[in-house]
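Structural overview
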Amino acid sequence: MAIVPAEGMAQEVGIAAYLVAYRRSRALFEDVMEPQAMTGDAGEVRVTLINRLTARESVADFFGMALGKGETLSLLLDARYRLAGGRIVAIRIAARGNATWRFPHRNT
């Protein structure tokens, strides 16, 4: 398992690194993924989704952005699931095109 971040950031490898990143993200944000479209075949499934991250507390720097408590960052993502023998063997999730935008509102 590898976490391949944006350019200029170190790649992390292994389940422990993934769990640290996952737990950090869950502590900082309420994370809701909404599928928009799905295509696939026996070898790969591709899902277009919107990922909404709402800050649980103020976040000074998340990929170069500051978010106040309750602010939501939405990402348009492309998720690809590679399949073999009826199992998922690889997952790649990446931003889609010019995919990052911020909604300047607070959830109530």
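This one's a predicted model, so the numbers in the text were calculated from it and none came from an experiment. (Residues numbered from 1 in each chain as written. Predicted model: local features only at pLDDT ≥ 70, side-chain atom pairs only at ≥ 80, totals over all residues. Heavy atoms only, no water.)

**Brief notes about the environment of Leu76**
- Among the secondary structure elements, Leu76 is positioned in strand β7 (residues 71-84).
- Here Leu76 falls in the partly exposed class, since its relative accessible area comes to 24%.
- In sequence terms Leu76 and Pro35 are 41 residues apart; their C-alpha atoms lie 10.0 Å from each other. (Helix = DSSP H or I, 4+ residues; strand = E, 2+ residues; numbered from the N terminus. Buried < 20%, exposed > 50% of the residue type's maximum accessible area, 1.4 Å probe, protein only.)

**Quick notes on the pattern of salt bridges**
- If you walk through the whole model with that rule in mind, you get four salt bridges.
- Asp78 is the partner of Arg46 in a salt bridge, and the nearest nitrogen-oxygen pair spans 2.7 Å. You can see Arg46 sitting in strand β4 (residues 44-55) and its partner Asp78 sitting in strand β7, a full 32 residues away along the chain.
- Residue classification places Arg46 among the partly exposed residues on the basis of a relative accessible area of 29%.
- Its salt-bridge partner being Glu57, residue Lys69 comes within 3.8 Å of it at the nearest N-O pair. Placement of the pair is Lys69 in the loop between β6 (65-67) and β7 and Glu57 in the loop between β4 and β5 (59-62), with a sequence separation of 12 residues.
- Using a relative accessible area of 48% as the deciding quantity, one classes Lys69 as partly exposed.
- Three or more residues joined by partner-sharing salt bridges are found here, namely Arg46, Asp78 and Arg80. (Salt bridge = Lys/Arg side-chain N within 4 Å of Asp/Glu carboxyl O.)

**Brief notes about the confidence of the model for the protein**
- Mean pLDDT over the protein stands at 81; residues scoring 70 or higher make up 79%.
- The secondary structure element of the protein with the lowest average pLDDT is strand β1 (residues 2-3), at 64, and the one with the highest is strand β3 (residues 29-40), at 94. (pLDDT = per-residue confidence, 0-100.)

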